[in-house]
Amino acid sequence: MDLMERLAGRAPLDPATLTLDELTMCIDHSLLRPELTREEVEAGLAVAAEHRSATVCVRPADLGLAVERLRGTRVGPTTVVGFPSGAHLTRIKVAEAEVAAYEGAIELDMVLAIGALRSDLDAEVGQDIAAVVEAVDPMPVKVILETAYLSPSEVVRGCRLAADAGAAFVQNGTGFSQRGADAEEIALMRRTVGDEVGVKATGGIRSLDTALAIIGAGANRFGATATARIAREWHER
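Let us look at the structure shown here. What you are looking at is a predicted structure, and each value in this text was computed from that prediction instead of being measured.

## Some details on the pairing of strand 3 (residues 76-81)
Remember that side chains alternate between the two faces of the sheet whenever the strand is regular.
Then comes step 1: Counted residue by residue, strand 3 has 6 buried out of 6 residues, so it is predominantly covered.
Then comes step 2: Relative to strand 3, strand 2 (residues 55-58) runs parallel, the two being bridged by 4 bridges. Paired with V58 across the two strands is T79, which belongs to strand 3.
Then comes step 3: In terms of handedness, the path from strand 2 via helix 4 (residues 63-70) over to strand 3 forms a crossover that is right-handed.
Then comes step 4: Inspection of the sheet shows strand 3 paired to strand 4 (residues 107-111) by 4 bridges, in the parallel sense. Within strand 4, the residue paired with T79 across the bridge is L108.
Then comes step 5: You can see the chain leave strand 3, run along helix 5 (residues 90-103) and come back into strand 4, and the turn it takes is right-handed.

## Quick word on the nonpolar core
Then comes step 1: Counting residues in hydrophobic clusters, the biggest one holds 73 residues, and the most contacted among them are L45, I129, V143 and F222.
Then comes step 2: The greatest single-element share of this core, amounting to 6 residues, is contributed by helix 7 (residues 122-136).
Then comes step 3: Contacts of F222, omitting those with residues within four sequence positions, involve L23, C26, I27, D28, K200, A201, I205, A211, I215 and I230.

Rules and cut-offs
Residues numbered from 1 in each chain as written. Predicted model: local features only at pLDDT ≥ 70, side-chain atom pairs only at ≥ 80, totals over all residues. Heavy atoms only, no water. Buried < 20%, exposed > 50% of the residue type's maximum accessible area, 1.4 Å probe, protein only. Helix = DSSP H or I, 4+ residues; strand = E, 2+ residues; numbered from the N terminus. Pairing = 2+ DSSP bridges. Right-handed = clockwise from strand over helix to strand, strands pointing away. Core = buried A, V, L, I, M, F, W, Y, C linked by side-chain atoms within 4.5 Å. Contact = heavy atoms within 4.5 Å.

Have a look at this one:
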């Protein structure tokens, strides 16, 4: 099975039946903190390769390094667009996406226009997402809603706009807002997009129990820095 086949799943999973390999295939190992040194990024890439996470999501400036270090592994290099505010001009988001695709990203996590969504400017939000999706098609694009700032009805609208624009996944957050993933909210996102669009959870997923709860709520991918800990807890059980 090649890398893109391994990453193709969008439907919800049953946490009770997952093997360790299937669990780590749900993880986008995160290396996005602004203060990370080159040495820390290298170490994080090694952790992801060892535990065979689905992808590593790195800062845009680290993408070339990630592509180089992950070559020949079962882990895909990914990066972010419009991160973390979503308040970039659409043409800047498109340029970021095109550069990332050229440099070897296999998926992108983009932040939608949060303020525009909260202002009921749905056409503007949808056009922003669609422009990025179309620019890198057929590369999968995950759309980050940053739900900590949204009402439940805004979460539903954002999910629908992302799905209608061709997003492969909807994602609750960047991991940098005031709260992390919430199981009830993940379940709402899954009910909204159905089984054809993936749901990614991010923020506060630092243990095996939390990971399994989030998967049980409907996520089939999650961002984490605690990949090694989650795998260790699995082995300990």
